[in-house]
Amino acid sequence: MNSITLQPKRGMRDFLPNEAKIHLYIIETIKKIVESYGFSPIITPLLESLDLFKRSVGEQSDIVGKEMYAFVDKSGDDVCLRPEGTASVMRAFLNSPLSQTLPARLYYYGPMFRYERPQKGRYRQFDQFGCEFIGTNDPRHDGDMIVMASRILNQLGISYILDINTIGTLQEREHYKKVLVSFLNDHHDALSIQSQQRLQTNPLRILDSKDPKDQLITANAPSILDSLTPETLHFYEEVKNYLKHFNIPFQENSRLVRGLDYYSHTTFEFKTKALGSQDAIIAGGRYDDLSKQMVGKSLPSVGWAVGVDRLSLLCDQSKISPTLSIAILHLNQPWAAYELCENLRDFGVKSLVITHPNLKKGIQLAERSCDYVIVIGDEEIKNQQLTIKNLKNSEQYQTNYCAKDIIQTI
RNA sequence: GCGGGUGUAGCUCAGUUGGUUAGAGCGCAAGAUUGUGGCUCUUGAGGCCGCCGGUUCAAAUCCGGUCACUCGCCCCA
């Protein structure tokens, strides 16, 4: 009989206990921080109508254009696995009574799907944790979101570079596009072939091309800042002032143009040097026009998303505080061992029973999963005394046969 | 989607111009060692050589395809 393939599908992964622990630790850490900023959880479906992302993320964006897990379901509807969270959260928000009380601070977490070529730190199913501050046009809230994100990276022990920019309003951007295209057309033949195509589809993206030829040309390109109104520039200043006030180091990068259509004004990206070309770890910005694209009514908002998998690869694992654990190794005394375990668990201590006739082997087994070992045999039951052994440093302690005393001794 | 690299034991890797039964270290199991592990020694288990096909008397080795990983591009978290 042929056996089935055990490998997961391309870009999909199994998280074995050690990896799963780090993953959950990161989510727990982020959750605590964003809740301390007043954010509440929202859970939305993994499956959405394809139209949602076409309208919000943009039909000509790469995410929608070539990376969607899209298919026709049994009823003939065009559906897809969500490629990102913001559009779903906005949809759920607009569809709910939450939209009656502004502003709203929401966070979400879960798998996203993009059909692209996998690499380290880039998978077809990946977990994102995101925060959305919906219904605010206060630049301090943009700053607040960025400070919150930096707090997360600090907490996890991840060093970063923060790039920020403003891409203004839709009108300002359209104006800048014209200026930029007319400039680039003068250097058309010197551009990379890719950028020549982008001149038609998405000229702003030429600005952050990695091709040296393109970079040489765009170095002298007109800046978007020259196409912005004083109001927009003032807004941008306020965001920067907020970051300076809280001593968040950042660099202005007028080439930071995000790939999703719904962004406006503030954009930012926390980058790392440790993951090769997968350098973005937290990215986001303001999206005042998203709601307009969906329901025709504007609703200023700002948010970001973080790649949990990328944080897993970067985070300082020594920060994960180990849980106290005790192994009960019994010598033909199973009832006593299981009872003592239950008593220890009443105090919230991780404990498990080890059964092995050979004492030495039993202690070796205990060492693999626990910090301490207690041996229970006839003597211990007769004397009502236990020896607790610290498996890390071999120290031993005597204690009464009682869960409370054991915990106090440790 | 485009270009390069890799795939041999649980892990890290050897494996000669194609040539008997594919190896090592670490790890795992048993024993030396029947009430307190980690050292040492002995022994042992564990392999569809990623998968499918081709060439050949003979393939881990050569060829084609495929799957997965990986690096760069694209893009992004």
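Analysis parameters
Residues numbered from 1 in each chain as written. Chains lettered and ligands numbered in written order. Predicted model: local features only at pLDDT ≥ 70, side-chain atom pairs only at ≥ 80, totals over all residues. Heavy atoms only, no water. Near = heavy atom within 4 Å. Polar contact = N/O pair within 3.5 Å; in protein donor to acceptor, adjacent residues only side chain to side chain. Helix = DSSP H or I, 4+ residues; strand = E, 2+ residues; numbered from the N terminus. Nonpolar A, V, L, I, M, F, W, Y, C, P; charged D, E, K, R; others polar. Salt bridge = Lys/Arg side-chain N within 4 Å of Asp/Glu carboxyl O. Disulfide = S-S within 2.5 Å. Buried < 20%, exposed > 50% of the residue type's maximum accessible area, 1.4 Å probe, protein only. Domains from an automatic or database assignment. Pairing = 2+ DSSP bridges. Right-handed = clockwise from strand over helix to strand, strands pointing away.

(A) View of the protein's contact with RNA strand B. Residues in contact with RNA strand B amount to 52 residues; listed here are only the nearest, Arg122, Arg258, Glu367, Glu380 and Ser394. Sugar and phosphate atoms represent 55% of those atoms of RNA strand B found within 4 Å of the protein. Within the backbone of Ile281, a nitrogen or oxygen atom sits 3.0 Å from a sugar or linking oxygen of RNA strand B. When contributions to the surface near RNA strand B are tallied by element, the ones reaching two or more residues are helix H3 (62–66), strand E6 (125–134), helix H7 (193–201), strand E10 (280–286), strand E11 (301–307), helix H13 (359–369), helix H14 (378–383) and strand E15 (385–390). Residue contributions to the surface near RNA strand B peak at 7 residues, all from H13. Looking at the surface near RNA strand B, its residues break down into 13 nonpolar, 16 polar and 23 charged.

(B) Region of the structure containing the pattern of salt bridges. Applying the stated criterion across every chain yields a total of 15 salt bridges. Here Lys66 makes a salt bridge to Asp62, at a shortest N to O gap of 3.5 Å. One end of the pair, Lys66, and the other, Asp62, are both in helix H3, 4 residues apart, so they sit about a helical turn from each other. Of the charged contacts, one joins Glu237 and Lys240 as a salt bridge, the two residues approaching to 3.0 Å between their closest N and O atoms.

(C) Spotlight on the state of the cysteines. In this structure the tally under the stated criterion is 0 disulfides. In this structure Cys341 is a free cysteine whose sulfur lies 8.4 Å from that of Cys370, the closest cysteine sulfur available. Under the relative-accessibility criterion, Cys341 is labelled buried at 0%.

(D) Structural view of the domain arrangement of chain A. What the domain assignment reports for chain A is domain 1 (17–168 + 228–317) and domain 2 (325–409). Each of domain 1 and domain 2 has a C-alpha centre, and the two are 48 Å apart.

(E) Region of the structure containing the pairing of strand E12 (residues 325–330). E12 sits mainly inside the fold: 6 of its 6 residues count as buried. The two faces of E12 match: Ser325, Ala327 and Leu329 on one face and Ile326, Ile328 and His330 on the other face are all buried. As paired strands, E12 and strand E13 (residues 350–355) are joined by 6 bridges and run parallel to one another. Residue pairing for E13: Ile328 is matched across the bridge by Val353. Handedness of the E12-helix H12 (residues 334–346)-E13 crossover: right-handed. Note: E12 against strand E14 (residues 372–376), 5 bridges, orientation parallel. The residue of E14 that forms the bridge with His330 is Ile376.

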